[in-house]
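Okay, here's what each chain looks like letter by letter:
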Amino acid sequence: MPMVKDYLHNKFKHGIEAGILQYGVGQETTSAEVAEILATSNYDWLFVDGEHGGHTVTTILDIARAVAAYDMTPVVRIPQAGTGIIKQLLDGGIQNIIIPKVETGEETEDIMYWASYAPRGNRGFGASAVRAGRFNRHPDYLERNVEEICILPQIESVRGWENLEAITNTPGVGAVFLGPIDLAVDMGHGINIFHPEVEAAMDDMIKRIHALGKPVGTIALTTEQAKRFVDLGVSFLALGGDTGFLTTAADNTLQTYKEAIEK
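Keep in mind that what you see is a predicted model, and the values were worked out from it rather than measured. (Residues numbered from 1 in each chain as written. Predicted model: local features only at pLDDT ≥ 70, side-chain atom pairs only at ≥ 80, totals over all residues. Heavy atoms only, no water.)

Draft legend 1. Up close: the packing of aromatic side chains. In this structure the tally under the stated criterion is seven aromatic pairs. Geometrically, the ring pair formed by W45 and F47 is tilted, given 5.8 Å between the ring centres and 40° between the ring planes. Side by side, W45 and F47 carry an identical accessibility label, which is buried. For the ring pair F177 and F236, a centre distance of 6.1 Å and an interplane angle of 20° mean the geometry is stacked. Of this pair, F177 sits in strand β6 (residues 176-178) while F236 sits in strand β8 (residues 236-241), and the two are 59 residues apart along the sequence. The same class applies to F177 as to F236, namely buried. Through a chain of ring-to-ring contacts, the aromatic side chains of F12, W45, F47, F177 and F236 assemble into a single cluster. (Phe/Tyr/Trp six-rings, centres within 6.5 Å; stacked < 30°, edge-to-face > 60°. Buried < 20%, exposed > 50% of the residue type's maximum accessible area, 1.4 Å probe, protein only. Helix = DSSP H or I, 4+ residues; strand = E, 2+ residues; numbered from the N terminus.)

Draft legend 2. Geometry of the nonpolar core. L46, I94, I97, I151 and L178 are the most contacted members of the largest nonpolar core, which has 54 residues in total. Residues contacting I97, with those up to four places away along its chain left out, are V76, I78, I86, L89, L90, C150, I151 and L152. Core analysis: the second largest hydrophobic core is formed by 13 residues, W45, F47, C150 and A175 among them. (Core = buried A, V, L, I, M, F, W, Y, C linked by side-chain atoms within 4.5 Å. Contact = heavy atoms within 4.5 Å.)

Draft legend 3. Structural detail: the packing of helix α4 (residues 83-91) against helix α5 (residues 105-115). Viewed as axis vectors pointing N to C, α4 and α5 meet at an angle of 45°, and their least axial separation amounts to 9 Å. Comparing the axis directions of α4 and α5 gives the class oblique. The two elements α4 and α5 meet at a crossing, and its hand is right-handed. The residues of α5 that touch α4, namely those facing T83, I86, K87 and L90, are I111, W114 and A115. For the contact of α4 with α5, the per-class residue count stands at five nonpolar, one polar and one charged. (Axes fitted to C-alpha atoms, helices over the stretch in contact; angles between N-to-C directions. Parallel < 35°, antiparallel > 145°, perpendicular 65-115°, else oblique. Left-handed = near helix turned anticlockwise from the far one by under 90°. Nonpolar A, V, L, I, M, F, W, Y, C, P; charged D, E, K, R; others polar.)

Draft legend 4. Highlighting the pattern of salt bridges. Considering all chains together, one arrives at 15 salt bridges under this definition. For the salt bridge of E103 with R159, the shortest nitrogen-to-oxygen distance reads 3.6 Å. Of this pair, E103 sits in the loop between β4 (96-99) and α5 while R159 sits in helix α7 (residues 158-162), placing them 56 residues apart in sequence. Residue class for E103 comes out buried when judged on its relative accessible area of 17%. Linking E148 and R144 is a salt bridge whose minimum nitrogen-to-oxygen distance equals 3.6 Å. You can see E148 and its partner R144 sitting in helix α6 (residues 141-148), four residues apart, about one turn around the helix. (Salt bridge = Lys/Arg side-chain N within 4 Å of Asp/Glu carboxyl O.)

Given below as structure tokens:
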């Protein structure tokens with residue numbers, strides 16, 4: 001049976017490797033319908049936040065199915081490093097996985113061990129029977145998975161910053177994601193990601209990861225911040241998200257109508 005699409009081709013990974021800036025949008029809610037609405041826009045990737053949202057493996061795969069027909073790639077952040085959830089999502093066809101609060105090269109090596117087949121790791125092979133290999137419609141999954149899967153350790157602490165080279169240079173790492181909010185908290189500046197010390201740390205990490213030849217990405221809260229990050233070498237950015245869009249639009253709509261009616 002012919003496939004209408006090469007589902008193994010990871011456009012997000014190949015884009016960041018080629019230095020093509022990838023614009024992303026976040027999703028905290030578990031709704032596949034919200035995901036499909038976002039996919040009708042022109043973002044390149046969907047940042048599915050399984051760390052802070054109420055996501056399960058099932059809701060994540062529902063979202064992936066909802067956006068599969070569109071030109072948007074899911075990138076999923078899991079709650080924490082663990083062999084079980086990494087294997088489940090990879091077998092579910094999720095090719096881009098962010099692991100939060102990675103702080104050492106040893107932790108990164110464990111992550112890659114769980115995400116890789118032997119002899120590199122201990123991932124069990126069942127992809128031909130499940131969504132990863134599109135139910136054996138892609139019998140070359142084993143041969144192609146290394147080039148198409150993107151594992152992204154997230155650095156978001158001073159300790160992770162100190163071990164940046166070891167994390168970034170761990171064999172198999174596809175890219176590094178930076179978390180400025182938790183970094184600010186860890187540095188004692190609350191959630192002020194615009195504090196000069198936080199900005200200096202972010203700038204340093206972006207430049208160093210880029211110099212090591214690894215794609216690096218983060219979130220940006222302003223257009224000025226986004227431009228600075230890109231100028232420093234960032235190749236993927238998360239820009240806003242579903243819950244923020246809803247609250248902002250709701251507040252703005254109510255205020256606009258109240259002003260017009262009550263003036």
